[in-house]
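# Architecture at a glance
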Amino acid sequence: MTTGSARKRVVVFISGGGSNMMSLVKAASAADYPAEIVGVISDRADAGGLAKAEAEGIPAFSFVRKDFPSKEAHEQAILAKLDQLQPDILCLAGYMRLLTGAFIKRYEGRIINIHPSLLPLFPGLHTHQRALDATMKIAGCTVHFVTEGMDEGPIIGQASVPILVDDTAETLAARVLTVEHQLYPLALTLLAEGKVRMENGATVATIEAGGTLVPPALKQLISLLVSPDKS
């Protein structure tokens with residue numbers, strides 16, 4: 001993977017197969033991408049994404065909760081590894097543990113997460129079945145800053161897909177995943193380039209004169225819910 005001093009250092013947190021992690025790895029393989037993946041951390045030793053990361057030459061580490069006497073000790077071990085990796089940004093990509101406020105404070109405004117629903121609708125688990133049960137006509141995913149409230153952080157971007165009449169939770173999940181893989185690298189680009197930031201509990205966009213936040217090919221796919229910086 002090409003690296004450069006101007007690129008932001010990113011550590012990805014996973015609990016499973018790491019498909020969103022791999023979308024970030026693929027994006028970061030481009031020489032002009034503004035971030036590099038410098039490590040992967042999982043709370044499961046058997047997470048499939050760990051082997052995928054190592055195959056890409058990315059250091060991968062597991063911190064299994066039961067191996068530690070408390071949640072605090074578990075997080076302290078992870079924070080110690082992060083001190084070694086020196087990330088600028090943390091990306092949660094299917095990481096199934098809630099972070100404590102103390103952990104989040106260490107990286108406040110620099111932790112982002114992808115969630116498989118159009119937040120604030122359907123936070124938490126079983127999002128696709130809940131969307132079907134609510135007879136929604138569209139579903140999608142959201143990238144947001146991480147705060148102490150579960151899936152409550154300020155939104156960076158969203159992508160939507162239609163819900164078809166014969167959808168199951170599984171078919172809908174597969175369709176949403178295709179746009180997750182497009183949205184997450186874009187959202188990370190915006191954060192790494194300093195085009196979005198979290199300020200006073202909201203997402204703020206900084207747009208250069210004559211510039212654009214969203215590549216033209218994705219304008220219809222992605223809605224960026226941000227407030228322009230008027231300063």
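It should be noted that the structure appears before, not after, this text.
Since the structure is predicted, the reported quantities are computational estimates derived from the model, not experimental observations.

Grouped together as the largest cluster of nonpolar side chains are 44 residues, with contacts concentrated most on Val12, Ile37, Val40, Cys91, Ile112 and Leu188. Ranked by residues supplied to this core, first place goes to helix H6 (residues 169-192) with 10 residues. Setting aside residues up to four positions removed in sequence, Val12 forms contacts with Met21, Leu24, Ile37, Gly39, Val40, Ile41, Cys91 and Ala93. Counting 19 residues, the second-largest nonpolar core is a separate cluster that includes Val38, Ile41, Ile78 and Leu85.

Moving on: the side chain of Thr189. With respect to the helices and strands, Thr189 occurs in helix H6. In this structure Thr189 comes out as buried when scored by relative accessible area, which is 15%. Apart from the residues lying within four places of it in its own chain, the contact partners of Thr189 are Tyr33 and Pro34.

Further remarks concern unusual backbone geometry. Cis geometry is adopted by the peptide bond preceding Pro120, which originates at Leu119 and carries an omega value of 10°. Relative to the elements of secondary structure, Pro120 occurs in the loop between strand E5 (111-115) and helix H5 (127-133). The phi angle at Phe122 is positive, at roughly 55°, despite the residue not being glycine. Relative to the helices and strands, Phe122 is located in the loop between E5 and H5. The exposure class of Phe122 is buried, given its relative accessible area of 16%. Positive phi values are uncommon outside glycine, yet His126 reaches one of about 55°.

Quick notes on the rules
All residue numbers refer to positions counted from 1 along the written sequence of the respective chain. In view of the model being predicted, local features appear only for residues whose pLDDT reaches at least 70, and side-chain atom pairs are presented and counted only at 80 or more, with totals across whole chains, interfaces and linings using the full set of residues. To get the side-chain values, all heavy atoms of the structure are used, and hydrogens and water are removed first. Each nonpolar core is a collection of buried residues, namely Ala, Val, Leu, Ile, Met, Phe, Trp, Tyr and Cys, held together in the definition by side-chain atoms within 4.5 Å. Burial classes: relative accessible area under 20% of the type maximum marks a residue as buried, over 50% as exposed, and values in between as partly exposed (1.4 Å probe, protein chains only). Under the scheme used here, helices are H or I runs from DSSP no shorter than 4 residues and strands are E runs no shorter than 2 residues, and both carry numbers assigned from the N terminus. In what follows, a contact means two residues having at least one pair of non-hydrogen atoms within 4.5 Å.

All we've got here are geometric facts, nothing functional implied.
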